[in-house]
Amino acid sequence: MNGLDDLRAWTLNKAIQSHIDLYVSEHTFVEVQRAFPYLVAKEFASGGGDVPEFKWHIINDQEPFEIGDTGIQILPFAVHHGRFFSRVSPPGYVVTPNATLPPTPRASTVVLPITRSNSLSKATTILNGDAEKTEEKIYPYLSFGFKIENRFVYISDVSNIPDHVWPILEPKKREDGGETRIPLLIMDCLRLRPHTSHNGLEAAIAMTRRVNASRTYLTGFSHDVSHEEYVKLTEIVGGAEYDADSLTENEKAGLKLLGSGPHQWVRPAHDGLRIFVKPSEEGEVTVTDETY
């Protein structure tokens with residue numbers, strides 16, 4: 001969101017184009033309006049009016065939308081991207097089946113202030129004079145993934161995919177007994193170890209196997225594992241043989257996280273990578289790139 005203001009040079013005096021279309025959730029739009037009101041309404045600009053020209057489009061969870069008049073249908077779906085560390089629901093929070101809400105408070109309930117002994121993980125209330133432990137209420141931070149024309153799924157920021165979203169992603173059985181699966185998947189993978197807001201390698205590969213796309217590219221890496229090491233690990237996911245003695249320490253650590261399952265075509269994405277998704281004359285969709 002902080003980079004939006006830098007786009008002023010893009011639209012100022014129609015330098016590159018007259019405006020930029022932005023597709024955001026209502027929650028995101030409200031946050032932009034709160035933090036940068038002049039990006040939503042120019043009358044709030046405090047200078048000479050040199051602000052980016054945006055057209056805002058509100059999109060909703062699991063409601064398809066079209067980019068301009070291209071005819072390309074995109075389905076947004078909300079996944080978990082970490083969580084809110086709060087005992088109350090955040091403003092404007094949209095409930096999902098995997099979220100839990102605080103119970104309706106009773107008149108005799110007094111909530112203790114948060115202290116080291118009364119942390120989020122062990123919330124305590126005083127009820128009718130007796131101490132009573134209550135469950136922590138977890139609110140996942142929601143981020144959109146996108147399914148484009150049943151050919152391409154993009155999930156760049158995810159720590160958990162809720163159960164009700166999986167039918168959008170998993171292969172579909174055909175009448176002939178075969179399966180129709182997504183041709184291309186872009187999947188979040190921050191590092192080898194787990195992370196609160198992103199997939200570690202173990203979760204990324206588990207999700208990849210469940211989606212079972214024809215090709216999967218991992219993205220969003222931190223710096224502690226090299227590109228070549230990710231190539232080696234993802235080749236192993238695809239069934240490549242390897243010499244255990246030749247593996248680096250990162251590769252040995254990553255190998256323990258790959259788990260077992262069917263061979264899967266997976267590679268790390270990188271700057272400059274170009275991926276092509278094309279339908280064949282037989283109606284099949286093929287995925288190719290200019291690197292692998």
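If you're wondering where the values come from, they're calculated on a predicted model, not measured in any experiment.

A. Main features of the overall build of the chain. Helices and strands together make up the secondary structure of the chain, namely six helices and 16 strands. Relative to its full complement of 292 residues, the chain shows a buried share of 35%. Sequence separation of 24 or more characterises 67% of the internal contacts of the chain that already satisfy a separation of 6 or more. Accessible surface, the chain as shown: approximately 17300 Å² in total, 51% of it carbon and sulfur.

B. Molecular detail of the pairing of strand S9 (residues 152-155). Only one face of S9 is buried: it carries Val153 and Ile155, and the other face, with Phe152 and Tyr154, is open. In the sheet, strand S8 (residues 139-148) pairs with S9 via three bridges, with the strands oriented antiparallel. When the sheet's bridge partners are listed, Ile148 is paired in S9 with Phe152. Connecting S8 to the next strand, S9, in antiparallel fashion are three residues, including Glu149 with a positive phi near 55°. Pairing analysis gives four bridges linking S9 to strand S12 (residues 184-188), with the strands arranged parallel. Of the residues in S12, the one forming a bridge with Ile155 is Met187.

C. Spotlight on the packing of aromatic side chains. Under the definition given, this model contains eleven aromatic pairs. When the ring of Trp265 is compared with that of Tyr292, the centres are 6.2 Å apart and the planes differ by 80°; the resulting orientation is edge-to-face. Here the residue Trp265 occupies a position in the loop between helix H6 (249-255) and strand S14 (266-268), and Tyr292 occupies one in the segment after strand S16 (285-289), the gap between them amounting to 27 residues. Among the aromatic side chains, those forming a connected cluster through ring pairs are Phe29, Phe54 and Trp56.

D. Geometry of the nonpolar core. Judged by nonpolar contacts, the single largest core of 30 residues is most densely connected at Phe77, Ile155, Ile161, Leu169, Met187, Leu201 and Leu218. The set of elements that each furnish at least two residues to this core consists of strand S4 (73-84), S9, helix H3 (166-169), S12, helix H4 (201-211) and helix H5 (227-237). With five residues, H4 is the single largest residue contributor to this core. In this view, Ile161 contacts Val79, Ile155, Trp166, Leu169 and Met207; residues no more than four positions away in its chain are not counted.

E. Spatial organisation of the sheet that holds S9. Ordered in space as S3-S4-S8-S9-S12-S13-S14, the seven strands form an open sheet in which the pairing is mixed. Each end of this open sheet is capped by a strand with a single partner; those strands are strand S3 (65-66) and S14. Bridge analysis of S4 against S8 gives nine bridges, and the strand direction is antiparallel. Across the sheet, residue Arg83 finds its bridge partner in S8, namely Pro140. Here H4 sits on the sheet in contact with S12, strand S13 (215-219) and S14, set at roughly 160° to S12. Strands in contact with H5 are S13 and S14; relative to S14, the strand with the most contacts, it is inclined by about 175°.

F. Up close: the environment of Leu218. Along the chain, Leu218 turns up in strand S13. Considered as a pair, Leu218 and Pro268 are 50 residues apart in the sequence and their alpha carbons are 4.7 Å apart. If we skip the residues at most four places from it in the chain, Leu218 touches Met187, Cys189, Leu201, Ala204, Ile205, Thr208, Thr234, Val266, Arg267, Pro268 and Ala269.

G. Structural context of unusual backbone geometry. In this structure, Lys14 is a non-glycine residue whose phi angle is positive, near 55°. When you line up the elements, Lys14 lands in the loop between helix H1 (8-11) and strand S1 (20-24). A relative accessible area of 61% places Lys14 in the exposed class. Positive phi outside glycine occurs at Gln62, with the angle close to 60°. By the secondary structure assignment, Gln62 is in the loop between strand S2 (54-58) and S3. Take Gln62: its relative accessible area is 32%, and that puts it in the partly exposed class.

H. Broad picture of the side chain of Arg267. Residue position: Arg267 is located in strand S14. Although buried, Arg267 forms no salt bridge, and the nearest oppositely charged side chain, Glu235, lies 4.4 Å from it. Arg267 has contacts with Thr216, Tyr217, Leu218, Thr234, Glu235 and Tyr292, leaving out every residue within four places of it along the chain.

The rules behind the values
- Residues numbered from 1 in each chain as written.
- Predicted model: local features only at pLDDT ≥ 70, side-chain atom pairs only at ≥ 80, totals over all residues.
- Heavy atoms only, no water.
- Helix = DSSP H or I, 4+ residues; strand = E, 2+ residues; numbered from the N terminus.
- Buried < 20%, exposed > 50% of the residue type's maximum accessible area, 1.4 Å probe, protein only.
- Contact = heavy atoms within 4.5 Å.
- Areas by Shrake-Rupley, 256 points an atom, 1.4 Å probe, with all protein chains shown as cover.
- Pairing = 2+ DSSP bridges.
- Phe/Tyr/Trp six-rings, centres within 6.5 Å; stacked < 30°, edge-to-face > 60°.
- Core = buried A, V, L, I, M, F, W, Y, C linked by side-chain atoms within 4.5 Å.
- Axes fitted to C-alpha atoms, helices over the stretch in contact; angles between N-to-C directions.
- Lys, Arg positive; Asp, Glu negative; His and termini not counted.
- Salt bridge = Lys/Arg side-chain N within 4 Å of Asp/Glu carboxyl O.

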